[in-house]
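Remarks on the overall topology
The lines below spell out each chain.
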Amino acid sequence: MIANLVQLAAGEEQNPLVPPGPELLVGTIAFAIVFFFLAKKLLPNINRVLEERREAIEGGMEKAEAAQVEAQSVLEQYRAQLAEARHEAARLRQEATEQGAAIIAEMRAEGQRQREEIVAAGHAQIEADRKSAASALRQDVGKLATDLAGKLVGESLEDHARQSRVIDRFLDELEEKAEAAR
């Protein structure tokens, strides 16, 4: 057969674009075998792998989009919580300021009340001391006046009732003169 091919090839001049018939037949059969093998065995595996990759890529993109949406919603929740926390902190600061002002006002009122009590107690103590001093002074002045009057008159003025009347009259006169001088 090869010999026949060689004779045919030497005898005819062929077109270089068209291959000889037997070569064309062998090439077609070989192509059909390779094509059949690729179509039945290799192409389904390749398609399956490509489909798996496509699904994995699409699934990954869907997961990424879902994760991005979830992350965005979580971010919005955190921002809302942060805004709420800031609002709550401002409210607590305002309450603390109001409570502090109320406590200060209360302490001032308490201090004013205590000051007034102390001043009133001081005035009462001063009044009591003044009355005590006036009484002691009345007795001392009365005794001195009685002694002096007794020495001047020459008789004893030891009678207490009389002595009290004389002392009271004398001191009342002194007070009237003091008030008139003012």
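Look a little higher up for the structure.
Residues numbered from 1 in each chain as written. Predicted model: local features only at pLDDT ≥ 70, side-chain atom pairs only at ≥ 80, totals over all residues. Heavy atoms only, no water.

**Overview of the pattern of salt bridges**
- The tally for this structure, following the rule as stated, stands at nine salt bridges.
- A salt bridge links Arg48 to Glu52; the shortest N-O distance between them is 3.7 Å. Residue Arg48 and its partner Glu52 are both found in helix H2 (residues 21–153); the two are separated by four residues, about one turn of the helix.
- In this structure, Arg54 and Glu58 form a salt bridge, with 2.8 Å as the shortest nitrogen-oxygen distance. Placement of the pair is Arg54 and Glu58 together in helix H2, with a separation of four residues, close to one helical turn.
- A relative accessible area of 38% places Arg54 in the partly exposed class.
- Residue classification places Glu58 among the partly exposed residues on the basis of a relative accessible area of 36%.
- Through salt bridges with shared partners, one network takes in Glu51, Arg54 and Glu58. (Salt bridge = Lys/Arg side-chain N within 4 Å of Asp/Glu carboxyl O. Helix = DSSP H or I, 4+ residues; strand = E, 2+ residues; numbered from the N terminus. Buried < 20%, exposed > 50% of the residue type's maximum accessible area, 1.4 Å probe, protein only.)

**Thoughts on the packing of aromatic side chains**
- Here the structure, examined in full by the defined rule, presents one aromatic pair.
- On the basis of an interplanar angle of 20 degrees and a centroid distance of 6.1 Å, the ring pair of Phe31 and Phe35 is categorised as stacked. One end of the pair, Phe31, and the other, Phe35, are both in helix H2, four residues apart, so they sit about a helical turn from each other.
- Using a relative accessible area of 58% as the deciding quantity, one classes Phe31 as exposed. (Phe/Tyr/Trp six-rings, centres within 6.5 Å; stacked < 30°, edge-to-face > 60°.)

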